[in-house]
Amino acid sequence: MANTAKLNRNFISQELQKEFIKNKVLNNYFRLRILAIVLLCLDFIFLFTDYTNYQEGLWYSTPGYVWLFYSHITLGLVMILITILYWSTNLQTVKDVKPFHNLYEIFFALFCLFMCAVISGWIDQRIHGQLTVYVIGCFLVAVFFNLSPKLSFGAYFLSYVVVVAGIQYYQPDSLIKNGHYVNTLLLLFVSWLLSITLNNSRVQDFLHQNYLERLVKDRTKELEEINQKLLREVGDRKQIESKIYRLASIVESTEDGIIGMALDGKITDWNRGAECIYGYSEKEVLGDSIRKLFPPDRQYELDGILLTISQGRSVSHYETTRLRKDGQIVNVYLTVSPIKNHLEQTIGASTIVKDVTAQKKIEKEMSRMDQMNLVGEMAASIGHEVRNPMTTVRGFLQLLGDGRNLDKYTDYIPLMISEIDRANQIITEFLAISRTKVTEVAVHNLNDIINSILPLVQVDAIRTDKSVTTELELIPDLRLDDKEMRQMILNLARNGLEAMNQGGLLKIKTHTLNNEVILSIEDQGMGIKTEIIDKLGTPFFTTKESGTGLGLAVCYGIAARHKALITIQTGPTGSTFFVKFKVLTNCTTGATQ
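Residues numbered from 1 in each chain as written. Predicted model: local features only at pLDDT ≥ 70, side-chain atom pairs only at ≥ 80, totals over all residues. Heavy atoms only, no water.

Draft legend 1. A look at empty space enclosed by the protein. In this structure the tally under the stated criterion is 1 cavity of 30 Å³ or more. By volume, the largest cavity is sized at about 90 Å³. Lining the largest cavity we find 13 residues, and of these Ile-290, Phe-294, Arg-322, Leu-334 and Thr-351 sit closest to its centre. When contributions to the lining of the largest cavity are tallied by element, the ones reaching two or more residues are strand 1 (257-262), helix 11 (300-310), strand 4 (329-340) and strand 5 (346-355). A class-by-class count of the residues in the lining of the largest cavity yields 11 nonpolar, 1 polar and 1 charged. (1 Å grid on protein atoms, 1.4 Å probe; cavity = no way out; pocket = protein on both sides within 12 Å on 5 of 7 lines; lining within 4 Å. Points joined across faces, edges and corners; volume = space filled by probe spheres on them. Helix = DSSP H or I, 4+ residues; strand = E, 2+ residues; numbered from the N terminus. Nonpolar A, V, L, I, M, F, W, Y, C, P; charged D, E, K, R; others polar.)

Now the structure itself:
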């Protein structure tokens, strides 16, 4: 039994031990409170008996009765104290139990046990030699008080010492004395065994109750988690259903056609947009092959699309034509995406169709109108620009036609030649911006081209009391037409020089950024007005008094043929023209139209 108690104590963790003590105190609190009142009432009966013994003269014949009276007085006083302690506090729950409440029970048990030991060993041996009170006290402590095995053993052992000392001192009969020694030892063992058994039973009951409570809490917590999970799943399902309804509404109301098909090309879904584009109702096409929407010259496209979809890839922004129910051809943009199941397996395809037939007609008409407007503007500009030098030449030719005093007109001949050269230059630059010009490209380094024409730019700068600097970083080679590059750089550099006053500085730089080679030409002029920036590069638009308006147009044309982009950054302190070239991984010599 001692091993069992030890195992139980080891089994209960420190936290559980504290909880067990609190539960033990709470459960036994009301019982001990009643026991204190019962013992107090019994003590009054004992005192009445003592008074009877006094009337009968037993106090004089047997002095033990006097000590019995004193023990009853002591018992009564202590019971009054214990009753006050128990009834002055009110424990409702385990949380109300404090450590000193446990001390009440220990003090109560020790007092009862030692009081019984004193009465039986020191007083009753002088009266009748019985151990009845000690027997009652041992069983009372074992049954009513929940002492731990160690504490109960210590209490019983000390009480045994007390009662044996009294027997040894006050019991004159040696046979009775020896019998009491054996009886008290046997009583001690039985009482302590009973105390351990009851304590272990209470421990097991507590552990079982605690296990059940924890089990109920765990199951309750699991049920709450399951409930929360179910609520989340229900909420998620409602959101998914709501989203599906919204998407279905969007799919049905959109003007674009949305078509679902299986991997064999059979139509599985068909919205109102598709019905408007193709003219077929949903009942007419469901289950049929989508091939019926392909014109005869586009039948090959379906096999390629189905092959791409079966590989899990999409077809985006595919421009083609399709066949309506009435036989008309429509221009469409297609986006075809694979449909996958939960195993990421492709089970079909969805097609978004946008009808661009009307848009194509508008774009074609706008392009034709733009071409007509451009032709008219160019014709008017060329006629105006060429007419001026031709008028000058005609006037001088009329003077020469008179045939008199020709010598005085010889000074005008260089003027006529310059005017004819001006007209020729206008025509040459006009041809330079033509899209039919052939660009001969080869692998060149932009820094080498800049260094080759730098002396020409510096001569122009020195002539107008200005300066030029270069900052050329290491850049990769590009596929360029070196002649056109020289012309573009010269035009941009001369424009920058003309925009500056005397003492100005022109900077020519090159560097790489984000897989681009960037040429920048920066001047220190007055900047470009915001309202005319969008017009720069327009043929015959110029802000110079003697300009033709074709220089920047030529530069924009050269940049376009090299797939480069010209951007402008301007301000009160000057302007910078940036020319950005894409870096190509493979540079091979060739010509592009």
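Still to come is the rest of the account.
Draft legend 2. Seen up close, the side chain of Thr-184. On the secondary structure map, Thr-184 appears in helix 8 (residues 174-253). The contacts of Thr-184, once residues within four sequence positions are left out, are Leu-131, Tyr-134, Tyr-160, Val-163, Val-164 and Ile-167. (Contact = heavy atoms within 4.5 Å.)

Draft legend 3. Spotlight on the sheet that holds strand 3 (residues 315-323). Taken together, 5 strands build an open sheet; the order of strands is 2-1-5-4-3 and the sheet is antiparallel. The sheet is open, and its two borders are formed by strand 2 (267-270) and strand 3, each paired with just one other strand. Sheet twist, expressed as the average angle between the axes of neighbouring strands with direction ignored, equals 30°. Taken together, the 9 bridges between strand 4 and strand 5 define a ladder with antiparallel strand orientation. The residue of strand 5 that forms the bridge with Tyr-333 is Lys-354. Contacting strand 1, strand 3, strand 4 and strand 5, helix 11 runs over the sheet at an angle of about 155° to strand 3. (Pairing = 2+ DSSP bridges. Axes fitted to C-alpha atoms, helices over the stretch in contact; angles between N-to-C directions.)

Draft legend 4. Fine view of the sheet that holds strand 7 (residues 467-472). Taken together, the 5 strands give an open sheet; going across it, the order is 7-9-10-12-11, and neighbouring strands pair in mixed fashion. Strands at the two margins of the open sheet, each flanked by one partner only, are strand 7 and strand 11 (565-571). Between one strand and the next, the sheet's axes are offset by a mean angle of 15°, whatever the strand orientation. The sheet contact formed by strand 9 (residues 505-512) and strand 10 (residues 516-522) spans 6 bridges and is antiparallel.

Draft legend 5. Examining a nonpolar patch on the surface more closely. On the surface, Ile-34, Val-38, Leu-42, Ile-45, Phe-46 and Trp-87 cluster together into a nonpolar patch covering about 530 Å² of accessible area. Here the nonpolar patch takes 5 residues from helix 2 (residues 14-55), the largest share from any one element. Secondary-structure assignment places Ile-34 in helix 2. (Patch = residues over 30% accessible without salt bridge, like charges linked within 9 Å, V, L, I, M, F, W, Y side chains within 5 Å. Areas by Shrake-Rupley, 256 points an atom, 1.4 Å probe, with all protein chains shown as cover. Salt bridge = Lys/Arg side-chain N within 4 Å of Asp/Glu carboxyl O.)

Draft legend 6. Structural detail: the environment of Phe-111. By the secondary structure assignment, Phe-111 is in helix 5 (residues 99-127). Through-space distance from the C-alpha of Phe-111 to that of Ala-155 is 9.9 Å; in sequence the pair is 44 residues apart. Other than its neighbours up to four places away in sequence, Phe-111 contacts Thr-74, Leu-75, Val-78 and Met-79.

Draft legend 7. Local environment of helix 11. Turning to helix 11, its buried residues number three or more, namely Glu-301, Leu-302, Ile-305, Leu-306, Thr-308 and Ile-309. Burial along helix 11 is one-sided: seen end-on, the buried residues are contained in an arc of 160°. Looking one or two places after helix 11, you find Gly-312, whose phi comes out positive at around 80°. (Buried < 20%, exposed > 50% of the residue type's maximum accessible area, 1.4 Å probe, protein only. Arc of directions from axis to C-beta.)

Draft legend 8. Spotlight on the nonpolar core. Membership of the largest hydrophobic core comes to 44 residues, with the highest contact counts inside it found for Met-79, Phe-108, Tyr-134, Phe-145 and Tyr-156. The element that contributes the greatest number of residues to this core is helix 5, accounting for 10 residues. Ignoring sequence-local partners within four residues, the contact set of Phe-145 consists of Asn-28, Leu-32, Leu-35, Glu-105, Phe-108, Ala-109, Cys-112, Leu-140 and Arg-202. In terms of nonpolar packing, the next biggest core, distinct from the first, is built from 35 residues, Ile-450, Ile-475, Met-488 and Val-517 among them. (Core = buried A, V, L, I, M, F, W, Y, C linked by side-chain atoms within 4.5 Å.)

Draft legend 9. Representation of the packing of helix 6 (residues 132-144) against helix 7 (residues 149-170). One can describe the packing of helix 6 onto helix 7 by two numbers: an axis separation of 12 Å at closest approach and a directional angle of 175°. Classed by the angle they form, the pair helix 6 and helix 7 counts as roughly antiparallel. Contacts between helix 6 and helix 7 involve Tyr-134, Cys-138, Val-141 and Ala-142 on the former and, on the latter, Tyr-156, Ser-159, Tyr-160 and Val-163. Residue composition of the contact of helix 6 with helix 7, by class: 7 nonpolar, 1 polar and no charged. (Parallel < 35°, antiparallel > 145°, perpendicular 65-115°, else oblique.)

Draft legend 10. Quick look at unusual backbone geometry. Backbone geometry places His-317, a non-glycine residue, at a positive phi of 50°. In this structure, His-317 sits in strand 3.

Draft legend 11. Just helix 16 (residues 551-561), in detail. Within helix 16, 8 of the 11 residues are buried, which leaves the element mostly enclosed by the surrounding structure. The set of residues buried in helix 16 consists of Leu-552, Ala-553, Val-554, Cys-555, Gly-557, Ile-558, Ala-559 and Arg-561. Positioned one or two residues after helix 16, Lys-563 has a phi angle of 55°, which is positive.

Draft legend 12. Structural context of the confidence of the model for the chain. For the chain, the average pLDDT comes to 79, and 75% of its residues sit at 70 or higher. Low confidence marks residues 1-11, where pLDDT is under 50. Its contacts with residues over four positions away, or in another chain, come to 15 contacts. A low-confidence stretch, residues 587-593 stays under pLDDT 50, and its non-local contacts, those more than four residues away or across chains, total 21 contacts. (pLDDT = per-residue confidence, 0-100.)

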